[in-house]
Amino acid sequence: MTDFVSLPFYDLLHENGHVPGIREKLPPLLAGVRRSILEIGAGTGLITTSLADWTPAEIFALEPSAGMRGVLLSRLSARPELLKRVTVFPCDALSVDLDEPVEAMVMINVMYALEPDYRKRLWPVLAAQLEPGGLLVFTWRDGGPPAPRPLQELDSRQVGRHTYTVLSEILESDEEACKARYLYRITEDDKVISEEEIVGHAYRPVWETIEGELVRAGFVQTDAPEGLLAWRLA
C-alpha cells in the first residue's frame, strides 16, 4: 500500500482539500445507519469524529500507520464522549476480523493506495464483514491515472511565520498506475526550513475494472453524490 502524505502536513492539506466536500456529501448516505460503521484508512481521524457526530453508531476505525493512529487517538482523547464508541484497530483491511458484520463501511481517500492484487482480495474480505444489504462507500475519480507532468505546486498553508507547501510531479503512467514524486516543503520567507521527498505508485483503475471486481464480490451499485461510489451487499 502507498501513502504519499507527510504526517506533519496531513491535517493541513486534507482540511483544505477533500474533507469539507466529504462532510457535505457523506451524511445523507449514512442517514439510516444506527448500529455500526467500519472506517477503512481512518488516518488522523478527520472523518472518524464526523462519523460519530452524524450517527449514533459504534465505529471501528482501521489505521495501520502508527503515526496516524497517534494523532487519531489524541483527537479522540479531546472528545471523551467518543472513547467508548470508537475502537481503533492497528491493522490493514485484509486483517480485520470483527465480532459481527457492520451496517456500513466507509473508505475515504484510500483507493489510490491499493495495489491491484490487494484491491481484488479486499472486496471479498469486506463483503464477509458487512451485513446483507449493508452499505460500502468510497471516494472515486474515474478516467484512469494522470499523464506524466513536471513538478508543480498543489497546495500551500500558512502556519505562523512558516509556509507549508506540497508539490508533485508524475514520473510515469500506465493503464492503471502512475509513479509520482511529492515534495513537502516548509519555508520562512525564502529560506527552506525542511523538505521531505516521497516517491511511490498510486492507482486509479477505470470504471469497468472497479465495477467487475465489486459485482463479483456480491455488491450492487446504488446512488451516490459525485466523487463517491456507494454499493450494497446483495
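For every chain, the first residue of the written sequence is number 1, and numbering continues from 1 along that sequence. Where local features are concerned, this predicted model is filtered to residues with pLDDT of at least 70; where side-chain atom pairs are given and counted, the filter is 80 or more; whole-chain, interface and lining totals use all residues. Water and hydrogen atoms were dropped before computing side-chain values, which therefore reflect all heavy atoms in the structure.

(A) Representation of the overall build of the protein chain in the model. Each helix corresponds to a stretch of at least 4 residues labelled H or I by DSSP, and each strand to a stretch of at least 2 residues labelled E; elements are numbered beginning at the N terminus. Within the protein chain, the secondary structure is distributed over six helices and 11 strands. Against the globule reference of 17 Å for 234 residues, the protein chain gives a C-alpha radius of gyration of 18 Å, in line with a compact fold. For the protein chain, the C-alpha atoms occupy an extent of roughly 55 × 45 × 30 Å along the three principal directions. By definition in these notes, contact holds between two residues if any of their heavy atoms fall within 4.5 Å. Taking contacts inside the protein chain between residues at least 6 apart in sequence as the whole, the part at least 24 apart equals 65%. In these tables, accessible area is a Shrake-Rupley quantity obtained with a 1.4 Å probe, and a residue counts as shielded only by the protein chains included in the view. Of the roughly 11300 Å² that the protein chain leaves accessible, carbon and sulfur atoms contribute 49%. Radius of gyration: over C-alpha atoms. The globule rule applied is 2.2 Å multiplied by the number of residues raised to the 0.38 power.

(B) Structural view of the sheet that holds strand S7 (residues 162-173). Should DSSP find at least two bridges between two strands, the strands are regarded as paired. Pairing is antiparallel across the open sheet formed by four strands, whose spatial order is S6-S7-S8-S9. In this open sheet, the two edge strands, each paired with only one partner strand, are strand S6 (149-159) and strand S9 (191-203). When strand polarity is set aside, the average angle formed by the axes of neighbouring strands in this sheet is 20 degrees. Axis lines are fitted through C-alpha atoms, for helices just across the contact stretch, and the angle between N-to-C directions can take any value from 0 to 180 degrees.

(C) Spatial organisation of the pattern of salt bridges. By salt bridge we mean one thing: a side-chain nitrogen of Lys or Arg within 4 Å of a carboxyl oxygen of Asp or Glu. A complete count under the given rule lists 12 salt bridges for this structure. Residues participating in the shared-partner salt-bridge network are Arg35, Glu100 and Glu131.

(D) Region of interest: the sheet that holds strand S2 (residues 58-62). Taken in spatial order, the seven strands line up as S3-S2-S1-S4-S5-S11-S10 in an open sheet, and their pairing is mixed. Since the sheet does not close on itself, it has two edges, and those belong to strand S3 (86-89) and strand S10 (219-222), each with one partner. Shown here is a sheet whose adjacent strand axes are inclined to one another by a mean of 20 degrees, direction ignored. Together, strand S1 (36-40), strand S4 (102-107), strand S5 (130-139), S10 and strand S11 (228-233) form the strand contacts of helix H5 (residues 116-128), whose direction differs from that of S5 by roughly 135 degrees. Along the sheet, helix H6 (residues 207-216) contacts S5, S10 and S11; its crossing angle with S11, the most-contacted strand, is approximately 20 degrees.

(E) Inspection of the packing of aromatic side chains at higher detail. Any two of the Phe, Tyr and Trp rings considered here, Trp counted by its six-membered ring, make a pair once their centres fall within 6.5 Å; the pair's planes then place it as stacked at under 30 degrees, edge-to-face at over 60, or tilted in between. Across all of its chains, the model carries seven aromatic pairs by this definition. Through successive ring pairs, a cluster of aromatic residues spans Phe9, Tyr164, Tyr182 and Tyr184.

(F) Representation of the environment of Leu151. Inspection of the secondary structure puts Leu151 in strand S6. The spatial distance from the C-alpha of Leu151 to the C-alpha of Ala31 is 41 Å, given a sequence separation of 120 residues. Excluding residues that lie within four positions of it along the chain, Leu151 makes contacts with Leu167, Ser168, Glu169, Arg181 and Leu183.

(G) Highlighting the nonpolar core. Within this scheme, the nonpolar core is defined by two criteria: the residues are buried Ala, Val, Leu, Ile, Met, Phe, Trp, Tyr or Cys, and they are joined through side-chain atoms within 4.5 Å. The buried label goes to any residue with under 20% of its type's maximum accessible area, the exposed label to any with over 50%, and the partly exposed label to all in between, with areas taken from a 1.4 Å probe on protein chains only. In this structure, Leu26, Leu30, Ile37, Leu51 and Tyr184 are the most contacted members of the largest nonpolar core, which totals 42 residues. The leading source of residues in this core is strand S8 (residues 177-188), at five residues. Every residue in contact with Tyr184, bar those within four places of it in the chain, is listed here: Phe4, Val5, Ser6, Phe9, Leu13, Thr165, Val166, Ser194, Glu195, Glu196 and Ile198. Counting residues in each nonpolar core, the second largest holds 30 residues, with Val110, Leu122, Ala127 and Ala217 among its members.

(H) View of H5. To obtain the bend at a residue, axes are fitted to the seven residues ending there and to the seven starting there, and the angle between these axes is taken. Along H5, the sharpest change in direction is near 25 degrees and occurs at Leu122; proline Pro124 comes one to four residues later. Buried within H5 are the following residues: Tyr118, Arg119, Leu122, Trp123, Leu126 and Ala127. Among the structural elements, S1, S4, S5, H6, S10 and S11 are those in contact with the buried residues of H5.

(I) Structural context of the pairing of S3. Note that S2 and S3 share four bridges and pair parallel. Counted as the bridge partner of Ile59 is Val86 from S3. Of the crossover connections in this fold, the one passing from S2 over helix H4 (residues 66-77) to the parallel S3 is right-handed. The crossover handedness rule: strands pointing away from the viewer, path from first strand over the helix to second strand clockwise, crossover right-handed.

(J) Local environment of H4. For H4, built from 12 residues, the straight-helix expectation of 16 Å at 1.5 Å per residue is met to within 8% by its first-to-last C-alpha distance of 16 Å. Among the residues of H4, Met68, Arg69, Leu72 and Leu76 are the ones counted as buried. Viewed end-on, H4 has its buried residues packed into an arc of 95 degrees, placing them on one side of the element. Buried-residue contacts for H4 involve helix H1 (10-15), helix H3 (48-54), S2 and S3. Between the first and last residue of a helix there are one fewer steps than residues, each counted as 1.5 Å, and that sum is the expected span. Note: the arc covers the axis-to-C-beta directions of the helix.

(K) Seen up close, unusual backbone geometry. Positive phi outside glycine occurs at Asn109, with the angle close to 60 degrees. Positionally, Asn109 belongs in the loop between S4 and H5. The phi angle at Asp189 is positive, at roughly 55 degrees, despite the residue not being glycine. Judged by relative accessible area, Asp189 falls into the exposed class, the value being 70%.

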